[in-house]
Amino acid sequence: MQSSGFYPMLKSQDILDVMRQMDIPIMEEDLEKPTAQRVQIWYEAFLYILKGISLDQLGNDIELLDLTDYPESHSDDIFLMSFYQNMAILLQQVGVDDFSLRDMLNPEPGRVRRILSGVCNFAMFRDDRMPVLEKYTVQADEQAQRLDSLQAELEQTMSRIEAIRAQRAREVPEVKSLQESNKVLFEELKALKTTQTSLVDATTTMKAEKEELQDTIGGIKYAIAGLQDELAVLKARVVHSPEKIQQAIAELTENIASSRLQVTANEESARALAYKVEMLEEIAADIRSCIQQMAEADEVARQHEEELRQLAKERENVDQETTNLRNLSVREEQLRFQNKSGEEKIERLEKSRQVKRDQTFNRLTQLQRERAEVSARLEETSNRMSVQRAKFDDLQVKIKRERSTMDQEASDMQECYDKLRQQTI
């Protein structure tokens, strides 16, 4: 009956190497001439190494004990059936689906080789996969460390965000007051700009008037100089008509007085225009100061907007980090579960391997002791058989010699009988 499992048949040496790696005693002649006792020792070792089931657990099968009214009388049968059931489950998982009691009680070399090939292939596959499990265990530890670092970074980021929020909450009233002041200053700036425009126009007009007045004053001064020259000429041309001279002098004096009054008025007007120009320059300086304050307020508002954008960006980063943390938490749970399963498997394997080694060592010691006893008995039996065979050979020689003697005596008696018979006749 062929097995439905797919696995390569191993050579005898490969089977011996794998079995010895698992600390299972086996000889090459055991594969050629397997016995029920030998294969049951192997199957017992397989159950303990691969599934962690010992002989004590096989003997305490409650379900099978409940099926009989006399469990003590059927303890050996119950142990055998429990042994067979567990071994059949193991071999079915390995890929041998046609395991039967005959393979335990009356093993055949071909069947034993096929079963051992399946188990050895599975054991080699398990040993090959152990580094993968260790790799994922290391990765799980690294992911856990990375998650811890990310959580620490997230806590630092959250603390910074809380500090920014608290600072923003403290600055909100100040920002609102600055915004209100900014609005008031903006309105004042608009009014000041309008006033500045009108003042600049008035200043330009006054400057033009000042220049005109200065030109007029210059003309009057020039006229006074001319009149003074004419007066000097007139003084040089004194005539004998005092009335005309007095009249000319009176007219000239009046012209000079009126010119002086006009010059005085023009100077007062110029001083007033200069005062107005100074006032306009002071107002322009105040306007420039207000414009500077407006620029500073705009800079504060721009910085506040930049902080708001930075806060929005930080919120986006926090949301992203929260999403990443959630994903990492899920991954951490998966890795923690895988790590826990791997650690449990490794722990079970280590425990089972240690117990297995101890039991196998004890079993091997016992088997070696039994083998030594059997070898001694075999040697003693062989010696006895040699002695018996020697005795048997001697007996055969004696029998042959006695038979030849008896045959000779019988022939002699027959001859004597024939002679007597002839004599009698």
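So, a few notes on the structure that sits alongside this text. (Residues numbered from 1 in each chain as written. Predicted model: local features only at pLDDT ≥ 70, side-chain atom pairs only at ≥ 80, totals over all residues. Heavy atoms only, no water.)

**Overview of a negative patch on the surface**
1) Next: On the surface, D141, E142, E343 and E344 cluster together into a patch of negative charge.
2) Next: Listed by contribution, the elements that provide at least two residues to the negative patch are helix 8 (109-236) and helix 9 (242-424).
3) Next: Among the structural elements, E142 can be located in helix 8. (Patch = residues over 30% accessible without salt bridge, like charges linked within 9 Å, V, L, I, M, F, W, Y side chains within 5 Å. Areas by Shrake-Rupley, 256 points an atom, 1.4 Å probe, with all protein chains shown as cover. Salt bridge = Lys/Arg side-chain N within 4 Å of Asp/Glu carboxyl O. Lys, Arg positive; Asp, Glu negative; His and termini not counted. Charge placed at Lys NZ, Arg CZ, Asp CG, Glu CD. Helix = DSSP H or I, 4+ residues; strand = E, 2+ residues; numbered from the N terminus.)

**Side note on empty space enclosed by the protein**
1) Next: Applying the stated criterion across every chain yields a total of one cavity of 30 Å³ or more.
2) Next: Roughly 30 Å³ of internal volume is contained in the largest cavity.
3) Next: Lining the largest cavity are L150, Q151, L154, E321, N324, L325 and L328.
4) Next: With four residues, the single largest contributor to the lining of the largest cavity is helix 9. (1 Å grid on protein atoms, 1.4 Å probe; cavity = no way out; pocket = protein on both sides within 12 Å on 5 of 7 lines; lining within 4 Å. Points joined across faces, edges and corners; volume = space filled by probe spheres on them.)

**Considering the environment of Q40**
1) Next: When you line up the elements, Q40 lands in helix 3 (residues 36-51).
2) Next: Note on Q40: relative accessible area 23%, which makes it partly exposed.
3) Next: Each C-alpha atom of the pair Q40 and D103 lies 9.4 Å from the other, and the pair is 63 residues apart in sequence.
4) Next: Not counting the four nearest positions on each side in its chain, Q40 is found in contact with F83, M104 and L105. (Buried < 20%, exposed > 50% of the residue type's maximum accessible area, 1.4 Å probe, protein only. Contact = heavy atoms within 4.5 Å.)

**Some remarks on helix 3**
1) Next: Counted at 1.5 Å a residue, the expected span for helix 3 with its 16 residues is 22 Å, and the 22 Å between its end C-alpha atoms agrees.
2) Next: Listed as buried for helix 3 are V39, I41, W42, Y43, E44, A45, F46, L47, Y48, I49 and L50.
3) Next: Just downstream of helix 3, G52 is the residue with a positive phi angle, here 75°. (Expected span 1.5 Å × (residues − 1).)

**Topic: the layout of surface pockets**
It is a probe the size of a water molecule, rolled over the atoms, that shows where empty space is left.
1) Next: Computed from the structure, the largest pocket encloses a volume of approximately 620 Å³.
2) Next: Lining the largest pocket are 24 residues, with L50, R126, K345, R348 and L349 sitting closest to its centre.
3) Next: Of all the secondary structure elements, the ones that give two or more residues to the lining of the largest pocket are helix 3, helix 6 (75-94), helix 8 and helix 9.
4) Next: Counted by class, the lining of the largest pocket contains eleven nonpolar, eight polar and five charged residues. (Nonpolar A, V, L, I, M, F, W, Y, C, P; charged D, E, K, R; others polar.)

**Some remarks on the nonpolar core**
1) Next: The biggest cluster of nonpolar side chains holds 34 residues, and the ones touching the most others in it are M19, W42, Y43, F46, F99 and L116.
2) Next: The dominant element in this core, judged by the number of residues it contributes, is helix 3, at eight residues.
3) Next: Sequence-distant contacts of F46, that is, excluding residues within four places in its chain, are made with M19, M22, I24, K51, M87, L90, L116 and V119. (Core = buried A, V, L, I, M, F, W, Y, C linked by side-chain atoms within 4.5 Å.)

**With respect to unusual backbone geometry**
1) Next: For D23, which is not glycine, the phi dihedral falls at a positive 60°.
2) Next: Mapped onto the fold, D23 is located in the loop between helix 1 (12-21) and helix 2 (28-32).

**Digging into the environment of I217**
1) Next: You can see I217 is positioned in helix 8.
2) Next: Taking relative accessible area as the criterion, I217 reaches 11% and is therefore assigned buried.
3) Next: It is 8.2 Å that separates the C-alpha atoms of I217 and Q262, two residues lying 45 residues apart in sequence.
4) Next: Residue contacts for I217: discarding those within four places in its chain leaves V263, N266 and E267.

**Considerations on the pattern of salt bridges**
1) Next: Per the counting criterion, the structure on display carries six salt bridges.
2) Next: Ionic pairing is found between R111 and D103, a salt bridge with its closest N-O pair at 2.7 Å.
3) Next: Overall, the relative accessible area of 5% leaves D103 in the buried class.
4) Next: The partner of R165 in a salt bridge is E162, and the shortest N-O contact between them spans 3.5 Å. On the criterion of helical spacing, the pair formed by R165 and E162 is a turn pair, its members being three residues apart in helix 8.

Purely spatial values, then, with no claim about function.
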